[in-house]
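Analysis of the macromolecular model
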Amino acid sequence: MNGRLLGDEGHALAQKALGYMDQFNIPPTPENYAVWITFCAEANTELADTVKGHIESGDEFTDALNAELFDQYFQWKAIQDAILETGGQMSQELNAVSDRLEAAKQDTADYGKTLDVATSALHKAAPEDGNIKKMVETLVSATARMQRRSHDLERKLHQTSAEVTKLRSNLEKVREESMTDALTGVANRKRFDEALRKARRDSDATGQPLSLILCDIDYFKRFNDTWGHQTGDQIIRFVAGCLARTAEDGCLVARYGGEEFGVVMPNTSPDDAAEYAERVRKTVESKKLLRKSTNEDLGNITISLGVTEYASGESLDVLVERADTNLYASKTDGRNRVTLDKKKPTSTRSAA
């Protein structure tokens, strides 16, 4: 991005960013400016998609939304990615240094062998010349000390390299945990949003279908009020497990919020997505669920699902809203059912 922000073009982008901020009554803080200059420079596709979605939906850019945009794209993820990248570079550099030390150690060993041969030859050729022998023996001793130091340094570098690798692994684990719902073990809302943005970009690039499912547990409030929150959590975990076990590779199951789930299904037609949704619905309905603490029968657990297909060029807000509308239709039509789009969504991209 830096190359694009030089000279007249940089000034134009800055004016454009400030113009947007003035239009949407956004305070000109450094954090907000970072978001909008990046948006105007088209330097982050995910950020651009998110901001465009809010603009198209007519959302108000409140302080909370502005802070959320900055946190999402300029703080935690950026720090994580930078540390992970740095850790990888450190590992590579340490490995390179270790390789060079190994080569140097071999050269030193060869040098020592050469001196040993020379010492032996001197003993045979000129046993009376003690000064030369003493000099060579001193060199041999110095070489031995250098070999020991080289070995110690190599050992320490190996230890450091192992520590960096462990640190990188821990950071990757922390990143994974930050994208995972603690209650269910499936993806959380943040990872859902990230996966949906990526799936949308891939669909636009390849022309492959993208389907989205929203799922809600029927009468969940009644279960919660009757049996308590711990049993409610048990039901949420149960449904999450059914969704995750039934999902195909490449699909992402996420806890969308509360008792609601989302399933991002790249390269999947709406008919195939509906078949998956129906399998999950039947699986959930067929299971007998008992309250863990007392073994009491919790009755029938059912879910309602809404399935939709991404139309090329549309905003993610529109896509999610359509899936939510289909989910609501399943609820109002009697629950425990799957609802698809009544007609194929129309692409918002004009024909070339």
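These remarks concern the structure in this document. (Residues numbered from 1 in each chain as written. Predicted model: local features only at pLDDT ≥ 70, side-chain atom pairs only at ≥ 80, totals over all residues. Heavy atoms only, no water.)

A word on the overall build of the chain. Regarding its fold elements, the chain presents 10 helices and five strands. Counting the 352 residues in the chain, one finds 41% classified as buried. Of all intrachain contacts in the chain linking residues separated by at least 6 positions in sequence, the fraction that spans at least 24 positions is 67%. Looking at the chain as shown, the accessible area adds up to about 20,000 Å², and 51% of this sits on carbon and sulfur atoms. (Helix = DSSP H or I, 4+ residues; strand = E, 2+ residues; numbered from the N terminus. Buried < 20%, exposed > 50% of the residue type's maximum accessible area, 1.4 Å probe, protein only. Contact = heavy atoms within 4.5 Å. Areas by Shrake-Rupley, 256 points an atom, 1.4 Å probe, with all protein chains shown as cover.)

All right, on to a negative patch on the surface then. On the surface, a cluster of negative charge is made up of Glu-56, Asp-59, Asp-317, Glu-321 and Asp-324. For the negative patch, the element with the highest residue contribution is helix H10 (residues 316–332), accounting for three residues. Relative to the assigned elements, Asp-324 resides in helix H10. The exposure class assigned to Asp-324 is partly exposed, which follows from its relative accessible area of 37%. (Patch = residues over 30% accessible without salt bridge, like charges linked within 9 Å, V, L, I, M, F, W, Y side chains within 5 Å. Salt bridge = Lys/Arg side-chain N within 4 Å of Asp/Glu carboxyl O. Lys, Arg positive; Asp, Glu negative; His and termini not counted. Charge placed at Lys NZ, Arg CZ, Asp CG, Glu CD.)

Counting 32 residues, the largest nonpolar core has Ile-213, Ile-217, Val-239, Leu-243, Tyr-276 and Ile-301 as its most contacted members. Secondary-structure elements contributing two or more residues to this core are strand S1 (210–217), helix H7 (220–227), helix H8 (229–246), strand S3 (260–266), helix H9 (270–286) and strand S4 (303–309). Here the element with the most residues in this core is H8; it accounts for seven residues. Those residues in contact with Val-239, other than ones at most four positions away along the chain, are Ile-217, Phe-261, Val-284, Ile-301 and Ile-303. Of all hydrophobic cores here, the second largest spans 20 residues; its members include Ala-17, Ala-34, Val-35 and Leu-65. (Core = buried A, V, L, I, M, F, W, Y, C linked by side-chain atoms within 4.5 Å.)

Glancing now at the packing of aromatic side chains. Summed over all chains, the structure comprises eight aromatic pairs. For the pair Trp-36 and Phe-39, a centre-to-centre distance of 5.4 Å together with 75° between the ring planes defines the contact as edge-to-face. With Trp-36 and Phe-39 both in helix H2 (residues 30–41) and three residues apart, this pair spans about one turn of that helix. Considered together, Trp-36 and Phe-39 belong to a single accessibility category, that of buried residues. Ring centres of Phe-192 and Tyr-256 lie 5.1 Å apart, and the angle between their planes is 80°; on these two criteria the pair is classed as edge-to-face. Placement of the pair is Phe-192 in helix H6 (residues 189–206) and Tyr-256 in strand S2 (residues 252–257), with a sequence separation of 64 residues. This pair shows no difference in class: Phe-192 is buried, exactly as Tyr-256 is. (Phe/Tyr/Trp six-rings, centres within 6.5 Å; stacked < 30°, edge-to-face > 60°.)

So, on to the side chain of Thr-184. Tracing the backbone shows Thr-184 in the loop between helix H5 (130–178) and H6. Overall, Thr-184 belongs to the buried group, its relative accessible area being 18%. Reaching out from Thr-184, the side chain makes a polar contact with the side chain of Asp-181 at a distance of 2.7 Å. At 3.3 Å, the side chain of Thr-184 forms a polar contact with the backbone nitrogen of Val-186. Setting aside residues up to four positions removed in sequence, Thr-184 forms contacts with Ile-236, Arg-237, Ala-240, Arg-255 and Phe-261. (Polar contact = N/O pair within 3.5 Å; in protein donor to acceptor, adjacent residues only side chain to side chain.)

With that settled, consider H8. The terminal C-alpha atoms of H8 lie 26 Å apart, and with 18 residues this matches the ideal 26 Å at 1.5 Å per residue to within 8%. Burial in H8 covers these residues: Thr-231, Gly-232, Gln-234, Ile-235, Ile-236, Phe-238, Val-239, Ala-240, Gly-241, Cys-242, Leu-243 and Thr-246. (Expected span 1.5 Å × (residues − 1).)

Right, let's get into the environment of Ser-312. Within the secondary structure, Ser-312 is located in the loop between S4 and H10. Each C-alpha atom, one on Ser-312 and one on Asp-204, is 6.1 Å from the other, the two residues being 108 residues apart in sequence. One polar contact links Ser-312 to Asp-204, side chain to side chain, over a distance of 3.5 Å.

Along the chain, Ser-211 falls in strand S1. Accessibility expressed as a relative area gives 1% for Ser-211, which makes it buried. Here Thr-268 takes part through its backbone oxygen, which lies 2.8 Å from a polar atom of the side chain of Ser-211. Once residues within four sequence positions are removed from consideration, Ser-211 is found in contact with Val-263, Val-264, Met-265, Thr-268, Ser-269, Pro-270, Ala-273, Thr-308 and Glu-309.

This part covers the packing of H8 against H9. Closest axis-to-axis distance for the H8/H9 pair is 10 Å, and the angle between their directions is 140°. Taken together, H8 and H9 sit at an angle that is classed as oblique. As H8 packs across H9, the resulting crossing turns out to be right-handed. The residues of H9 that touch H8, namely those facing Phe-238, Val-239, Cys-242, Leu-243 and Thr-246, are Tyr-276, Arg-279, Val-280, Thr-283 and Val-284. The class makeup of the residues in the contact of H8 with H9 is seven nonpolar, two polar and one charged. (Axes fitted to C-alpha atoms, helices over the stretch in contact; angles between N-to-C directions. Parallel < 35°, antiparallel > 145°, perpendicular 65-115°, else oblique. Left-handed = near helix turned anticlockwise from the far one by under 90°. Nonpolar A, V, L, I, M, F, W, Y, C, P; charged D, E, K, R; others polar.)

Any link to function would need more than the numbers given here.
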